[in-house]
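What follows is the residue order along each chain.
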Amino acid sequence: MAKKKVTLPSVSIQRDMPEPATAPAVPPPLPPSAAAPQAPAPEPVAAANVEAPPQKSWLDLSPINRRRWRNFRANKRGSWSLIVFAVLFVISLFAEFIANDKPFLISYDGGIYVPALKDYSEKQFGGEFDIADYRDPYLQKLIADKGGWMIWPPIRYSYDTINLNLPVPAPAPPTWLLTEAQCEAANAGPDCENIEWNWLGTDDQGRDVVARLIYGFRISVLFGLVLTLFSSLIGVAAGAVQGYFGGWTDLLFQRFIEIWTSIPTLYLLIILAAVITPSFWVLLGILLLFSWVALVGVVRAEFLRARNFEYVRAAQALGVSNATIMWRHLLPNATVATLTFMPFILNGSITTLTSLDFLGFGLPPGSASLGELLAQGKANLQAPWLGIAGFVSIASILSLLVFTGEAVRDAFDPRKTFT
């Protein structure tokens, strides 16, 4: 059987096909006024809830300085010597309120007067003279008649007050050593209760020894401190220049120092004392001319050693000035040696002033001086209280400074460590 061929009609089918995907158009940026509102900023946290970092105080010490302070305090003898010396020096600064022939406070006719700080005339208290002698019973009666009063220092003598009511001729022994017969002969009553006491006696001019010791201690320490300060500044500067630059600068400075130190200081002072009367500042200037060489060698050695260190070479390569290198980088290394020597330099300055006063080439006659008190003890061997008081005072001052210097030396000793 023959097969028939069937032809199907062509059908055109059109489907909705999706168009090819294209990138969406980016809208233009909106102006700032049309931008979306931003979220509100978070509220700041209250300051009370935030702990501020601790600020470093200027009293806070570096670790190395704390170690030095511990080393200093570990030397009990030296630390206590510094405390005792500082207390005595502070007390001596108020010598006018401790030993004075003037009351430090007077109430007269409704007014208040301070004779210890200001000079008043006797006419202001109803008297007749231009100079007020507050120890005079007449002036004391004038003040009392007006209902006034006076507050006296513990010791009613200044360093130059002459006691005219001594029970025995000057130099008078301490009042507590006088016998009953000596007190009665001077109409001072039993145990000399009717006179003002001289606790350590008087010198050969009738001046109170305790008052002269207080004022003499103050002027000796002040002289030593000022001389030590200025001589240290000059000596450190000279040693720094020598050690840093070296070469011809160092050589010429060394030759100059050798010639300068060969000049006899004592003979020079004798010559100057014959021409002018040495006062406090004149004597200070003369001694300063020769005392500045004490620290030159130490500072020079430190600068010679440190100028070749790598950080100094690096600073020079960076163009740092010589003055900055010497001041900020090298001087701290020399400060250790300088501070170690300063108590001993102060000791030497006080000894120099005492020696000159003992020889009669120091402060003007009549000044409160420990050396002059020693000279009086030498001239009056029958009055041992003069030599003993002067010797004990000088020995105590120098011992306290030596012990303090030993403690400072231990504090800066790099070999001493603490756990």
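To start, this report covers the structure provided alongside it. Given the structure is predicted, the values throughout are model-derived calculations rather than measurements.

**Thoughts on the packing of helix α11 (residues 322-359) against helix α12 (residues 370-379)**
Turning to step 1, where the next piece is worked out: For the pair α11 and α12, interaxial distance at closest approach is 7 Å and the crossing angle is 40°. Here α11 is positioned oblique relative to α12, judged by the angle of their axes. Considering how the two elements wind past one another, α11 and α12 form a crossing that is right-handed. Along the contact surface, α11 presents Thr354, Asp357 and Phe358, while α12 presents Leu370, Gly371, Glu372, Leu374, Ala375 and Lys378.

**Looking at the side chain of Arg218**
Turning to step 1, where the next piece is worked out: Relative to the helices and strands, Arg218 is located in helix α5 (residues 209-245).
Turning to step 2, where the next piece is worked out: What makes Arg218 buried here is its relative accessible area of 16%.
Turning to step 3, where the next piece is worked out: Setting aside residues up to four positions removed in sequence, Arg218 forms contacts with Ser92, Leu93, Ala95 and Glu96.

**Quick notes on the pairing of strand β1 (residues 105-108)**
Turning to step 1, where the next piece is worked out: In the sheet, β1 pairs with strand β3 (residues 149-151) via three bridges, with the strands oriented antiparallel. Opposite Ser107, over in β3, you have Trp149 as the bridge partner.
Turning to step 2, where the next piece is worked out: By the bridge criterion, three bridges tie β1 to strand β2 (residues 111-113) in an arrangement that is antiparallel. When the bridges of β2 are listed, Tyr108 appears paired with Gly111.
Turning to step 3, where the next piece is worked out: As consecutive antiparallel partners, β1 and β2 are separated by two residues, and within that stretch Asp109 has a phi angle of approximately 55°, a positive value.

**Re the environment of Pro103**
Turning to step 1, where the next piece is worked out: Mapped onto the fold, Pro103 is located in the loop between α2 (76-93) and β1.
Turning to step 2, where the next piece is worked out: Exposure remark for Pro103: the relative accessible area of 0% places this residue in the buried category.
Turning to step 3, where the next piece is worked out: As for Pro103 and Trp149, which are separated by 46 residues in sequence, their C-alpha atoms are 9.9 Å apart.
Turning to step 4, where the next piece is worked out: Leave out the neighbours within four places in its chain, and Pro103 touches Pro115, Ala116, Tyr134, Met150, Ile151, Trp152 and Pro153.

**Things to note about unusual backbone geometry**
Turning to step 1, where the next piece is worked out: Here the amide bond leading from Ala170 into Pro171 is cis, since omega sits at 0°, within 30 degrees of zero.
Turning to step 2, where the next piece is worked out: With respect to the secondary-structure elements, Pro171 resides in the loop between β3 and α4 (180-185).

**A short note on the nonpolar core**
Turning to step 1, where the next piece is worked out: By size, the foremost hydrophobic cluster in this structure holds 19 residues, and its most contacted members are Phe85 and Ile397.
Turning to step 2, where the next piece is worked out: Looking at this core, the elements that each hand over two or more residues are α2, α5, α11, α12 and α13 (384-411).
Turning to step 3, where the next piece is worked out: It is α13 that provides the largest number of residues to this core, a total of eight residues.
Turning to step 4, where the next piece is worked out: One finds Tyr244, Leu295, Val299 and Phe303 within the second-largest nonpolar core, a separate group that totals 15 residues.

Conventions and cut-offs
Residues numbered from 1 in each chain as written. Predicted model: local features only at pLDDT ≥ 70, side-chain atom pairs only at ≥ 80, totals over all residues. Heavy atoms only, no water. Axes fitted to C-alpha atoms, helices over the stretch in contact; angles between N-to-C directions. Helix = DSSP H or I, 4+ residues; strand = E, 2+ residues; numbered from the N terminus. Parallel < 35°, antiparallel > 145°, perpendicular 65-115°, else oblique. Left-handed = near helix turned anticlockwise from the far one by under 90°. Contact = heavy atoms within 4.5 Å. Buried < 20%, exposed > 50% of the residue type's maximum accessible area, 1.4 Å probe, protein only. Pairing = 2+ DSSP bridges. Core = buried A, V, L, I, M, F, W, Y, C linked by side-chain atoms within 4.5 Å.

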